[in-house]
Amino acid sequence: MRPTTLVRTALALCLFGASGGARAACTPPLPPAASEKPARPTPPERPACLDAKGGCPGFEAYTFNDAVKAYNAKLPAYRAGAEAYAGKLKAYVDASVAYANCEMKSLQ
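The paragraphs below set out a description of the structure included in this document. All values reported here derive from a predicted model rather than from experimental measurement.

1. Structural notes on helix α2 (residues 58–106)
- Here α2 is 49 residues long and its end C-alpha atoms lie 71 Å apart, about the 72 Å a rise of 1.5 Å per residue gives.
- Most pronounced at L75, the bend in α2 amounts to some 25°, and the proline P76 follows within four residues.
- Residues F64, Y71, Y78 and Y85 constitute the buried set of α2.

2. Side note on the pattern of salt bridges
- Taken as a whole and judged by the stated rule, the model has four salt bridges.
- K88 is paired through a salt bridge with E36; the nearest N and O atoms lie 2.5 Å apart. Taken together, the positions of K88 in helix α2 and E36 in the loop between α1 (3–18) and α2 put the pair 52 residues apart, joining distant regions of the chain.
- Residue K88 is classed as partly exposed on the basis of its relative accessible area of 43%.
- A relative accessible area of 38% places E36 in the partly exposed class.
- E83 is the salt-bridge partner of R79, the closest N and O atoms lying 2.9 Å from each other. Here E83 and R79 lie together in helix α2, a separation of four residues that amounts to about one turn.

The rules behind the values
- Residues numbered from 1 in each chain as written.
- Predicted model: local features only at pLDDT ≥ 70, side-chain atom pairs only at ≥ 80, totals over all residues.
- Heavy atoms only, no water.
- Helix = DSSP H or I, 4+ residues; strand = E, 2+ residues; numbered from the N terminus.
- Expected span 1.5 Å × (residues − 1).
- Bend = angle between axes of the 7 residues up to and from the residue.
- Buried < 20%, exposed > 50% of the residue type's maximum accessible area, 1.4 Å probe, protein only.
- Salt bridge = Lys/Arg side-chain N within 4 Å of Asp/Glu carboxyl O.

Below, the structure is given as structure tokens:
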């Protein structure tokens, strides 16, 4: 046999051997659980007196200000959880692409 024929034969054997039954099955990815999705903190309700001409009395203004501070304190934890969940979603998308490619290769 000529060298190019040997190369073609080896290539054909590799291609046909790779598409045979010895190939590992494609494993579909599992999405992250919806229960892992963090809940956005609820912003404090604006008192109606904020829009009034005279503004809010001291007690209501202080109460609303404290509620805003508490809301703002919850945001970093929410952001961290949201970024972690987004990372899991991205990993799921990447695994889905790999799964689709695996299935496509199994058809060849």
